[in-house]
Amino acid sequence: MVYCGKPSKGCDYCRKRRLKCDQARPGCGQCRNASRACPGYRNQLDLMFRDESTRVQQKYQVTSRRASDGDAGPEAEAEQARNCSGHESSLEADASVREHRSTIISTERSPTWMVRNRISSERPDPAMSQALADIAIAFFLTHYTAGSHFEYLPLLYSDSCVESLLISAVQAVSIASLSHETRNPQLMALARKRYSHSLVKTNKALQDPGACCQDGTLASVLLLAHFETLASEDTTGVSEVALVQSEARYSPSASWDRHVQGAVSLLTLRPNPTFDSPIEFRLYQHVDAMVRYSCIQRCIRVPLELSSWKIPLRGKRDQADPDRRFMVVIDDFTELRASVKEGSLTDPLEIIRRASAIDAHAAIVARSFPQSWAYDTVSTSQDKMGVYQNKYHLYPNHRAAQLWNEVRMTRLALNEILLDYSDNACQRNDRDADERGKPLFPLRARYLRVVEQMATEICQSTTQFLCRPRSGTSATLPIGIVSPSPKTPPASVYFLIWPLFTAAGASRVASKSLIAFAIDRLHFIQRAMNIPQARKAAIMLEQGILIEEWLHMLHLF
């Protein structure tokens, strides 16, 4: 599939007669004035891409054979072209072609198509490089953006010119995504080159005041941040995992944070945001989420720039929106972590009081989620692979599961803080005979129960998105480990990595079975969905390296 440009939005009648269509709903003005039934409008996203897999393969086979058999004469070249024209895209292609040339294949893994590619380092082809970029973009926009924070990207991309910064950034991220899908490191090398080219274009765009305020520029910076997530290398040894946060080596999370800070700076250049445009509103939401979770991980306060447009942003959101309500809890949690780290809050009892209040608020917000965001708990009569403690959850969609896991991770972290500082207060009470610390002893058991409950529920939330039943079984009961559902978008799997790591990292309550389950699920994500960062997280858990600073990047895809 390749991108085919922006199609006409007019109705069928106006397009055929080349009339100006006002695109009114349910019927256009031209048809209404002519007293006829309007035939309606086409789906724009369905028309943006055309399946060119066979044509691209045939064209590349012809050009590659011409290059390798340049002395064979025009008759041989014509014969090669005739032979290639009758071939379809298939895994059963000629062995020599499979060895030295790209092969475009269809698989059951993807709803439409997937590319498995072998690039010859000896004879790179510029035309095929561009064809790969087109294929990668179509793959990314149709498979990765669905259900992610980048849902606005296809529409924004369709309005961009060929040489724009956004096109360059989309190419870099798309090729990196295709590298994971095909397990091809050479594609990642090509993606890094496109990324470097995008950085140069970004620096030029930032020198233009007009370009700085464009949605395409802001989206490009967010894409460059996401590239750091995709391109963070898959570790191959324990020593490399242990050094993942070392100052002596490249840190994807630090680069990700710099891009996020750049996005905030771009937002400050926009005077008085009104959020009248749906794309602008989604962009602000995207930056808002990235900044808040970055602040949580770095234990810093939310920037003042973010607070200045927080009120108009909330005003545009539904009052019953669970994300909107939970945002207040996140702000309080971020403030608590920042105060403790910077030393402005040191009294253990005051920390316990504030953490308890935030945890109680989080529990109240979770209980008030609307019914459309509720999940069902299913029990199994026997042990099933991929099911933790014979229970699993069924959510209306992966965004609901993501929000529930955000609540669980927040409450888990808060109760671990309560455990740490209640121990501290009790020790001080023993030394100073302070009566204030005595009531904390019975509360420790409750803190432990909450941590255990949150970690268990996180594990049980993964089954729906990582398992599908074998043929002939109930659609709601996962039997064994087969593979993710064919309709499962990658975004619905990326968000599981951080919660699983957090649940297994709860060292006070995490049993060996819970840790083993989390590690197994992370390895499964790497095998089934080709996400190398899941393997990195699994290896870190196996070695007891509980460093979370980079995991929020995966959660905010």
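Because the structure is predicted, anything quoted here is derived from the model rather than measured. (Residues numbered from 1 in each chain as written. Predicted model: local features only at pLDDT ≥ 70, side-chain atom pairs only at ≥ 80, totals over all residues. Heavy atoms only, no water.)

Structural notes on the overall build of the protein chain
- Helix and strand counts for the protein chain come out as 27 helices and 6 strands.
- Burial analysis of the protein chain (557 residues in total) assigns 52% to the buried set.
- Restricting to contacts in the protein chain with at least 6 residues of sequence separation, those with at least 24 account for 71%.
- Put simply, the protein chain shows about 25600 Å² of open surface, and 51% of that area lies on carbon and sulfur atoms. (Helix = DSSP H or I, 4+ residues; strand = E, 2+ residues; numbered from the N terminus. Buried < 20%, exposed > 50% of the residue type's maximum accessible area, 1.4 Å probe, protein only. Contact = heavy atoms within 4.5 Å. Areas by Shrake-Rupley, 256 points an atom, 1.4 Å probe, with all protein chains shown as cover.)

Points about the environment of Leu283
- Mapped onto the secondary structure, Leu283 falls in helix α15 (residues 278-298).
- Here Leu283 falls in the buried class, since its relative accessible area comes to 0%.
- Spatially, the C-alpha atoms of Leu283 and Asp215 are 7.8 Å apart, while their sequence positions differ by 68 residues.
- Among all residues touching Leu283, those that are not within four sequence positions of it are Tyr152, Asp215, Leu218, Ala219 and Leu222.

Comments concerning the pattern of salt bridges
- Evaluated as defined, the whole model comprises 10 salt bridges.
- Between Asp12 and Arg15 there is a salt bridge, with the nearest N and O atoms lying 2.2 Å from each other. Of this pair, Asp12 and Arg15 both sit in helix α1 (residues 12-16), 3 residues apart, roughly one helical turn.
- Classification of Asp12 as partly exposed rests on a relative accessible area of 25%.
- For the salt bridge of Asp520 with Arg521, the shortest nitrogen-to-oxygen distance reads 2.8 Å. (Salt bridge = Lys/Arg side-chain N within 4 Å of Asp/Glu carboxyl O.)

A look at the packing of helix α12 (residues 215-231) against helix α14 (residues 252-268)
- The contact between α12 and α14 brings their axes to 8 Å, and the two run at 170°. Relative to α14, the element α12 lies roughly antiparallel. Where α12 abuts α14, its residues Thr217, Leu218, Val221, Leu222, Leu224, Ala225, His226, Glu228 and Thr229 lie against Pro252, Ser255, Trp256, His259, Gly262, Ala263, Leu266 and Leu267. (Axes fitted to C-alpha atoms, helices over the stretch in contact; angles between N-to-C directions. Parallel < 35°, antiparallel > 145°, perpendicular 65-115°, else oblique.)

A word on the side chain of Lys201
- By the element assignment, Lys201 lies in helix α10 (residues 185-205).
- A residue is classified by how much of its surface remains accessible, and Lys201, at 19% relative accessible area, is buried.
- Setting aside anything within four residues of it in sequence, one finds Lys201 in contact with Glu163, Ser164, Leu165 and Ser168.

What about the environment of Val387?
- With respect to the helices and strands, Val387 occurs in the loop between β5 (376-379) and β6 (391-394).
- Val387 sits 75 residues away from Thr462 along the chain, and the two C-alpha atoms are 8.3 Å apart.

Side note on the packing of aromatic side chains
- This model, assessed by the stated rule, comprises 12 aromatic pairs.
- Look at Phe369 and Trp404: their rings are 5.0 Å apart centre to centre, the planes differ by 75°, and that puts the pair in the edge-to-face class. In this pair, Phe369 sits in the loop between α19 (348-367) and β5 while Trp404 sits in helix α20 (residues 398-432), placing the two residues 35 residues apart along the sequence. Comparing Phe369 with Trp404 shows no difference in burial state: the two are buried.
- Directly above the ring of Tyr13 sits Arg36, whose terminal nitrogen or CZ lies 3.3 Å from the centroid.
- Cation over ring: Arg521 sits above Phe524, and NZ or CZ is 4.7 Å from the ring centre. (Phe/Tyr/Trp six-rings, centres within 6.5 Å; stacked < 30°, edge-to-face > 60°. Lys NZ or Arg CZ within 6 Å of the ring centre and 35° of its normal.)

Points about the nonpolar core
- Counting residues in each nonpolar core, the largest one holds 125 residues, and the members touching the most others are Leu223, Ile497 and Ile525.
- The element contributing the most residues to this core is α20, with 12 residues.
- Domain assignment of the residues forming this core places at least three in each of domain 1 (131-232 + 249-307) and domain 2 (318-429 + 439-468 + 488-556).
- Residues in contact with Ile525, not counting those within four places in the same chain, are Leu466, Val493, Leu496, Ile497, Leu500, Asn530, Ile531 and Ala534.
- In terms of nonpolar packing, the next biggest core, distinct from the first, is built from 6 residues, Cys14, Cys21, Cys31 and Tyr41 among them. (Core = buried A, V, L, I, M, F, W, Y, C linked by side-chain atoms within 4.5 Å. Domains from an automatic or database assignment.)

Topic: unusual backbone geometry
- Look at Ser35: it is not a glycine, yet its phi comes out positive at around 55°.
- Positionally, Ser35 belongs in the loop between α2 (29-33) and α3 (44-47).
- Even without glycine at this site, Gln389 takes up a positive phi of about 55°.

Things to note about the packing of α14 against α15
- In the contact formed by α14 and α15, the axes pass within 10 Å of each other and the chain directions differ by 135°. When the interaxial angle is binned, α14 and α15 end up oblique. Where α14 crosses over α15, the handedness of that crossing is left-handed. Each of Trp256, Asp257, Val260, Gln261, Ala263, Val264 and Leu267 in α14 lies in contact with α15, whose residues at this interface are Tyr284, Val287, Met290, Val291, Ser294 and Arg298.
- Residues of the contact of α14 with α15, tallied by class, amount to 9 nonpolar, 2 polar and 2 charged. (Left-handed = near helix turned anticlockwise from the far one by under 90°. Nonpolar A, V, L, I, M, F, W, Y, C, P; charged D, E, K, R; others polar.)

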